[in-house]
Amino acid sequence: AQTVTQSQPEMSVQEAETVTLSCTYDTSESDYYLFWYKQPPSRQMILVIRQEAYKQQNATENRFSVNFQKAAKSFSLKISDSQLGDAAMYFCAYSPGTGANNLFFGTGTRLTVIP
Amino acid sequence: DAGVIQSPRHEVTEMGQEVTLRCKPISGHNSLFWYRQTMMRGLELLIYFNNNVPIDDSGMPEDRFSAKMPNASFSTLKIQPSEPRDSAVYFCASSLFGRGTDTQYFGPGTRLTVL
C-alpha cells in the first residue's frame, strides 16, 4: 500500500528566507506522480507543484522547487524568498501512474512565516 | 473558467438528520472525487467517479454514506442519518481523465458540523 509521510508537523521561516519541507513515500510502483498542495486558512486546496517519477529533472514553479530522490523515495519542497502569503498547511501527495488516480496524502506541515 | 464549485460552504445539523453536499466539477473534466478531511485521519478519499460511474467507493465509511453523479456536471454526497463523528470538511475534486498524470483540482470544501 502507498503511504506518504511528512515528519515535520510544523515549520517556521523568516520572511525572505528559504525553507524546505520534507516528504517521503512508500510504493512498489515505478511509475507515479507526486504533488505538493497548499491549504491556506481559507481551506482551499491549491496545487503548488507536481513531479512525474519518470523525469529526473526536478520540477520548479517560480519560488517553489522540489528535490526528488527516487531511490530514496523522497520528495521535498523548497520555498525560496518566503512571503507572508506562503503561510499555510502544505500537503505532499502521491498518485499511482496506472489505474485510478487516487491521491494519497501525508498528514501535512504547517508553515509559519515570520515577518 | 470557474473552478470546482461546492455547496453549501458550511452546514450545521443535528444528529439523525439527512445531509446533502453538492459539487459541480470543472467543465470538461471526466473524473470526480470526494474527500473527507479530519484532524484524526487527515485527507482521505471517499469515492471516485469516472464518466459518471462510481469506480472505487472503498473509502465510504459505512452505509449511511451514499454518492451519486447523475450527469457530468453534478454530484451529491449524502449522509443519512448523520452522526457527530461525521463532522469534517468534505472536498470535491475533479480531473480531466482520472489518470495518475492528471492534476486534481479541488473545490473550496464544505465544513459539516453535526451536533
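Residues numbered from 1 in each chain as written. Chains lettered and ligands numbered in written order. Predicted model: local features only at pLDDT ≥ 70, side-chain atom pairs only at ≥ 80, totals over all residues. Heavy atoms only, no water.

Chemist: Explain the layout of surface pockets here, please?
Modeler: To find the voids left in a structure, one rolls a probe of water-molecule size over its atoms. Estimates place the volume of the largest pocket at around 620 Å³. When residues of the lining of the largest pocket are traced back to their parent elements, those giving at least two are β10 (88-96) and β12 (109-114) of chain A together with β4 (31-38), β9 (88-95) and β11 (110-114) of chain B. Among the residues forming the lining of the largest pocket, the class breakdown is 13 nonpolar, eight polar and four charged. Approximately 310 Å³ is the volume found for the second largest pocket. Contributing to the lining of the second largest pocket are 18 residues, with A:Phe104, A:Phe105, B:Leu43, B:Glu44 and B:Leu45 lying nearest its centre. Going through the elements one at a time, β1 (3-5) and β11 (104-105) of chain A together with β5 (42-50) of chain B are the ones with two or more residues in the lining of the second largest pocket. Sort the elements by how many residues they give to the lining of the second largest pocket and β5(B) lands first, with five residues. A class-by-class count of the residues in the lining of the second largest pocket yields seven nonpolar, eight polar and three charged. (1 Å grid on protein atoms, 1.4 Å probe; cavity = no way out; pocket = protein on both sides within 12 Å on 5 of 7 lines; lining within 4 Å. Points joined across faces, edges and corners; volume = space filled by probe spheres on them. Helix = DSSP H or I, 4+ residues; strand = E, 2+ residues; numbered from the N terminus. Nonpolar A, V, L, I, M, F, W, Y, C, P; charged D, E, K, R; others polar.)

Chemist: Please explain the packing of aromatic side chains as it appears in this structure.
Modeler: Remark: the centre distance and the inter-plane angle together describe each pair of aromatic rings, the angle taken between the planes. All told, the structure shown has 16 aromatic pairs over all chains when counted by the stated rule. With centroids separated by 6.2 Å and ring planes inclined at 35°, the aromatic side chains of A:Phe35 and A:Tyr37 adopt a geometry described as tilted. Here A:Phe35 falls in the buried class, since its relative accessible area comes to 1%. Since its relative accessible area comes to 0%, A:Tyr37 is described here as buried. An aromatic cluster is present here, built from A:Phe35, A:Tyr37, A:Phe91, A:Phe105, B:Phe33, B:Tyr35, B:Tyr48, B:Phe91 and B:Phe106 joined pairwise through their rings. (Phe/Tyr/Trp six-rings, centres within 6.5 Å; stacked < 30°, edge-to-face > 60°. Buried < 20%, exposed > 50% of the residue type's maximum accessible area, 1.4 Å probe, protein only.)

Chemist: Help me understand the pattern of salt bridges in this model?
Modeler: Where charged atoms from two side chains of opposite charge come close, those side chains can pair. On inspection of all chains with the given rule, the structure shows twelve salt bridges over all chains. Linking A:Arg50 and A:Glu52 is a salt bridge whose minimum nitrogen-to-oxygen distance equals 3.1 Å. By the burial criterion, A:Arg50 is buried, and A:Glu52 matches it. Measuring nitrogen to oxygen at the nearest pair gives 2.6 Å for the salt bridge that ties B:Arg64 to B:Asp86. Separated by 22 residues along the polypeptide, B:Arg64 in the loop between β6 (53-56) and β7 (65-71) and B:Asp86 in the loop between β8 (74-79) and β9 bring together distant segments of the chain. Each member of the pair, B:Arg64 as well as B:Asp86, is classed as buried. (Salt bridge = Lys/Arg side-chain N within 4 Å of Asp/Glu carboxyl O.)

Chemist: I would appreciate a short explanation of the interface of chain A and chain B in the present structure.
Modeler: Frequently, the measure chosen for interface size is the accessible area removed from exposure when the parts meet. Listed as interface residues are 20 residues of chain A and, on the opposing side, 25 residues of chain B. When chain A packs against chain B, close to 1,700 Å² is buried across both sides, 47% of that on carbon and sulfur atoms. One can count zero salt bridges joining chain A with chain B. On the surface where chain A and chain B come into contact, there are eight residue pairs in polar contact (both at pLDDT 80 or more). (Contact = heavy atoms within 4.5 Å. Buried area = accessible area lost by both parts, 1.4 Å probe. Polar contact = N/O pair within 3.5 Å; in protein donor to acceptor, adjacent residues only side chain to side chain.)

Chemist: Is there a simple way to think about unusual backbone geometry in this case?
Modeler: When glycine is set aside, most residues are seen to have a negative phi, and most peptide bonds are trans. In this chain, B:Ser7 is followed by B:Pro8 through a cis amide linkage whose omega measures -10°. Relative to the elements of secondary structure, B:Pro8 occurs in the loop between β1 (5-7) and β2 (10-13). The omega torsion across B:Gln80 and B:Pro81 is -5°, close enough to zero to call that bond cis. Following the sequence through the fold, B:Pro81 ends up in the loop between β8 and β9. The phi dihedral of A:Lys73 falls on the positive side, at around 55°, and the residue is not glycine.

Chemist: What should I look at first to understand the confidence of the model for chain B in this one?
Modeler: Low-confidence regions, as indicated by low pLDDT, have predicted coordinates that should not be scrutinised in detail. When the pLDDT values of chain B are averaged, the result is 93; 99% of them are 70 or greater. Of all secondary-structure elements in chain B, the lowest mean pLDDT belongs to β6(B), at 90, while strand β3 (residues 19-24) of chain B reaches the highest, 98. (pLDDT = per-residue confidence, 0-100.)

Chemist: Explanation requested: the environment of B:Arg64 in the structure shown.
Modeler: Residues and elements named next belong to chain B. Note on Arg 64: relative accessible area 9%, which makes it buried. Beyond its immediate chain neighbours, meaning those up to four positions away, Arg 64 contacts Lys 78, Ile 79, Gln 80, Pro 81, Ser 82, Glu 83, Arg 85 and Asp 86. A distance of 2.8 Å separates a polar atom in the side chain of Arg 64 from a polar atom in the side chain of Glu 62.

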